[in-house]
Amino acid sequence: MVIAGPCAVESRESLMEIAQIVSEEGVRIMRAGVFKPRTSPYSFRGLGEDALPMIAEAKERFGLSVVSEVMSSKDISVMAPVVDIFQVGSRNMFNYRLLEEIGKAGKPVLLKRGMMASLREFLWSAEYILLSGEKRIILCERGIRGFDTETRNVLDIAAVPLLKQKTYLPVMVDPSHGTGRRDLVIPMAKAALAVGADGVMVEIHPEPEKALSDGPQALDFAGFRRLMEELRGLSRALSEIKKEA
Ligand code: PEP
Ligand code: MN
């Protein structure tokens, strides 16, 4: 499964362009940030509620479902009419009260690994959501902090088979935040698929160099098409190997 879309909704026009290519490539779930957690309060923090009608229009026109991050429990009711899957971001994986509120919201949850969380802590956070009533949880490995500045994070590929040993929950990988570099997104997405991930989530943008957030890790449309082609090829090869085994 592939989830693709912008880091954040920036304008109606760019969102429609993105939704169109996403649906043309057969992707059924678009990511679309509304409230963005940014390290600097002076960075673009998302359009907020103004993005919601744009998302509703894109869903309607292109028949997509949408995942978006909830940063505060007060946004749950605001986002619920339009957003299909609630994302818990890396910075909020340890926000247990928020996890409980999201677990009661009646929507599937995409839970991202905290950037300094052990796998054990990651799983306990999923448990908070489960105990609050929501069983439809997708775990998402998005890299942990390391010392090397070549990449934004260290994408923990071993987490995928480990998490799959320990739970029945689907495990996705986010190679965009996991590396912070567009040139590494396709190779790491393929690595994720090869180790048994249930899917990948990637950021795309019509003009990544002009993106208001996370441009360096966004694929442009040609890159996104190449990603999809390479994943389809790898997926075919992997199922051949399975048949032979
Ligand atoms: C995101 O997916 O939009 C995001 C902010 O990622 P993370 O929480 O993993 O940093
Ligand atoms: Mn981002």
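Let me begin by describing the structure that accompanies this report. Remember, predicted model here, so these are calculated numbers, not experimental data. (Residues numbered from 1 in each chain as written. Chains lettered and ligands numbered in written order. Predicted model: local features only at pLDDT ≥ 70, side-chain atom pairs only at ≥ 80, totals over all residues. Heavy atoms only, no water.)

## Some remarks on the site of ligand 1
Close contacts around ligand 1 come from Arg-31, Lys-36, Pro-37, Glu-69, Gln-87, Gly-89, Ser-90, Arg-91, Lys-112, Arg-142 and His-177, and that covers them all. Arg-91 has a polar side-chain atom sitting 3.2 Å from an oxygen atom of ligand 1. Burial of ligand 1 by the protein amounts to 97% of the accessible area it has alone, namely 290 Å². Class assignment of the residues belonging to the shell around ligand 1 gives a composition of 1 nonpolar, 4 polar and 6 charged. (Near = heavy atom within 4 Å. Polar contact = N/O pair within 3.5 Å; in protein donor to acceptor, adjacent residues only side chain to side chain. Areas by Shrake-Rupley, 256 points an atom, 1.4 Å probe, with all protein chains shown as cover. Nonpolar A, V, L, I, M, F, W, Y, C, P; charged D, E, K, R; others polar.)

## Observations regarding the coordination of the manganese ion (ligand 2)
The protein atoms donating to the manganese ion (ligand 2) are Cys-7 (SG), His-177 (NE2), Glu-203 (OE) and Asp-214 (OD), with metal-donor distances spanning 2.0 to 2.4 Å. Along the chain, the residues that donate to the manganese ion (ligand 2) are spaced as C-x169-H-x25-E-x10-D. Taken together, the residues Cys-7 in the loop between strand E1 (2-5) and helix H1 (12-24) and Asp-214 in the loop between strand E8 (199-203) and helix H9 (221-244) connect sequence positions 207 residues apart. As far as the burial class goes, Cys-7 and Asp-214 line up, both buried. (Donors = N, O, S within 2.8 Å, 3.2 Å for Na, K, Ca; no water. Helix = DSSP H or I, 4+ residues; strand = E, 2+ residues; numbered from the N terminus. Buried < 20%, exposed > 50% of the residue type's maximum accessible area, 1.4 Å probe, protein only.)

## With respect to the pattern of salt bridges
On inspection of all chains with the given rule, the structure shows 18 salt bridges. Between Lys-59 and Asp-84 there is a salt bridge; the shortest N-O distance is 2.9 Å. Here the residue Lys-59 occupies a position in helix H2 (residues 51-62), and Asp-84 occupies one in the loop between helix H3 (76-79) and strand E4 (85-88), the gap between them amounting to 25 residues. Take Lys-59: its relative accessible area is 18%, and that puts it in the buried class. On the accessibility criterion, Asp-84 (25% relative accessible area) is partly exposed. We note a salt bridge from Glu-207 to Lys-210, for which the minimum N-O separation is 3.0 Å. One network of salt bridges, in which partners are shared, links Arg-12, Glu-13, Glu-57 and Arg-61. (Salt bridge = Lys/Arg side-chain N within 4 Å of Asp/Glu carboxyl O.)

## Some points on the packing of helix H8 (residues 182-194) against H9
Relative orientation of the contacting elements H8 and H9 amounts to 25°, with a least axis distance of 10 Å. As judged from the angle between their axes, H8 and H9 are roughly parallel. Of the two elements, H8 crosses H9, and the hand of that crossing is right-handed. Here Ile-186, Ala-189, Lys-190, Leu-193 and Ala-194 of H8 lie close against H9, whose contacting residues are Gly-223, Arg-226, Leu-227, Glu-230, Leu-231, Leu-234, Ser-235 and Leu-238. In terms of residue class, the contact of H8 with H9 is built from 8 nonpolar, 2 polar and 3 charged. (Axes fitted to C-alpha atoms, helices over the stretch in contact; angles between N-to-C directions. Parallel < 35°, antiparallel > 145°, perpendicular 65-115°, else oblique. Left-handed = near helix turned anticlockwise from the far one by under 90°. Contact = heavy atoms within 4.5 Å.)

## Observations concerning a nonpolar patch on the surface
A contiguous nonpolar patch, built from Phe-94, Tyr-96 and Tyr-128 and spanning about 250 Å² of accessible area, is present on the exposed surface. By the element assignment, Phe-94 lies in the loop between E4 and helix H4 (96-103). (Patch = residues over 30% accessible without salt bridge, like charges linked within 9 Å, V, L, I, M, F, W, Y side chains within 5 Å.)

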